[in-house]
Amino acid sequence: MKPADVSSHSTQPTLTESYGPHDGQAGDLYLPAQPYPAVVCLLHGGFWRMPHGREQMHAIAQDLAARGFAVWNLGYRRIGAPTGGWPNTGADVLRGIEYLSTLADKGIALDLSRIALLGHSAGGHLALWAAAQALNRVRIRAVAGAAPVSDLHAAYSMALGRGAVQELLGASPDEQPERYAAASPLQRLPLGIPQLIAHAIDDHAVPIEMSRTYAAAARAAGDSILLQELSDSDHMAFLDPASSAHGAVCEWLSTALGESPQTGG
C-alpha cells in the first residue's frame, strides 16, 4: 500500500491542545476532509524517555489524516521530566485519550465510538495497556501495537532500552511485583477488542519473540488478534509513511474501524 497523497491536505495539525498543566500533557489533532471521522490515537516510542516526543509520529499522523482518519497524536510525561515515570505516564495516556470527549464537546465532529489506539515500541506498550483500562465517554474499538513492548517482565530481564523498564517503574519485578503486573499488557489480557501486533522479524530493539508470546497468550485468553511478522522491515520502519510496515497497519485500521453509521457506511 502506498502512502496517501497529502498534497491537498495541511501538513500541520488542525489544533494543538493541552489536557493538563505539565509539559508533555498535550496532543496534536489532525482532521481529514471527511465528516465525522473515526479516530486514531497515536502513542510515540522512545522507551518512555525524554527527549523523545510526539514529533516522532508527525509524518504518520499526516498520512493517516490524508487517508480519512482523525488523528490525535498524544504526548505524555516521560522519564527525565520532573514528574515523569509510573504511574504518571500511564495516567497521562488515559487522561489524554479521554480528552477526545472534550474536543467533541467543543464542536469537533469525531466518532467517539470508533477509536483505535496505535502505539510504536514503548508507545505500543502504552496503547495495549490503555486498551485494558476503563475509560470515560470514549470507546476503544481496536488497538494496534507496532513492535510493542508487550511484556514488562521480559523487557526488564532483557534490559531493553538500557534498563528503561526499571527506570519507568522505579523498581525491579522482585521489588514491585504488583506494579509490574498492573502495568504489563501481557498480564492484562484479555482486552476484549481486536488487536494487531506488527513486528519486524529482524527487530534488534524489541525482539519479535515478545510479540509471538503475547499473541499466543491473547489467543489463549479468547482475544481476536492478528500477528503480522514482517520480513522486509525493521524497528523504525513504522515511522515512515512510505514503508510496507505502515501500509500493513493502515490496511488493518481501515478494516477494524469500518465506516461511520452517520455517513451510510
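Rules used in this analysis
Residues numbered from 1 in each chain as written. Predicted model: local features only at pLDDT ≥ 70, side-chain atom pairs only at ≥ 80, totals over all residues. Heavy atoms only, no water. pLDDT = per-residue confidence, 0-100. Contact = heavy atoms within 4.5 Å. Buried < 20%, exposed > 50% of the residue type's maximum accessible area, 1.4 Å probe, protein only. Helix = DSSP H or I, 4+ residues; strand = E, 2+ residues; numbered from the N terminus. Pairing = 2+ DSSP bridges. Salt bridge = Lys/Arg side-chain N within 4 Å of Asp/Glu carboxyl O. Core = buried A, V, L, I, M, F, W, Y, C linked by side-chain atoms within 4.5 Å.

Chemist: What should I look at first to understand the confidence of the model for the chain in this one?
Modeler: Looking at the chain, the pLDDT average stands at 93 and 93% of residues meet or exceed 70. Segment residues 5-10: pLDDT under 50, and six contacts once partners within four positions in sequence are set aside and those in other chains are kept.

Chemist: How should the pairing of strand β5 (residues 115-120) be read in this particular structure?
Modeler: Remember that side chains alternate between the two faces of the sheet whenever the strand is regular. Burial analysis of β5 places six of its six residues in the buried class, the great majority of the element. Covered by surrounding structure in β5 are Ile115, Leu117 and Gly119 together with Ala116, Leu118 and His120, the residues of both alternating faces. Relative to β5, strand β3 (residues 39-43) is paired through five bridges, and the arrangement is parallel. Counted as the bridge partner of Cys41 is Leu117 from β5.

Chemist: Would you take a moment to explain the pattern of salt bridges for this structure?
Modeler: Pairing between side chains becomes possible if they bear opposite charge and their charged atoms approach one another. According to the stated counting rule, one finds nine salt bridges in the structure shown. Between Arg54 and Asp28 there is a salt bridge; the shortest N-O distance is 2.8 Å. With a gap of 26 residues between them, Arg54 in the loop between β3 and α1 (58-66) and Asp28 in strand β2 (residues 26-30) connect regions that are remote in the sequence. On the accessibility criterion, Asp28 (10% relative accessible area) is buried. A single network of salt bridges, built from pairs that share partners, joins Glu209, Arg212 and Glu229.

Chemist: How should I be thinking about the nonpolar core in this particular structure?
Modeler: Across soluble globular proteins, nonpolar side chains have a tendency to be buried as a group. Among the nonpolar cores identified, the biggest contains 57 residues, and Trp48, Trp72, Ile97, Leu100, Leu117 and Tyr214 are the most heavily contacted of them. A per-element tally of this core places helix α3 (residues 122-131) first, with seven residues. Residues within four places of Leu100 in sequence aside, it is in contact with Val39, Trp72, Leu110, Leu112, Ile115 and Val138. Grouped together as the second largest cluster of nonpolar side chains are 30 residues, Leu42, Ala144, Ala146 and Phe238 included.

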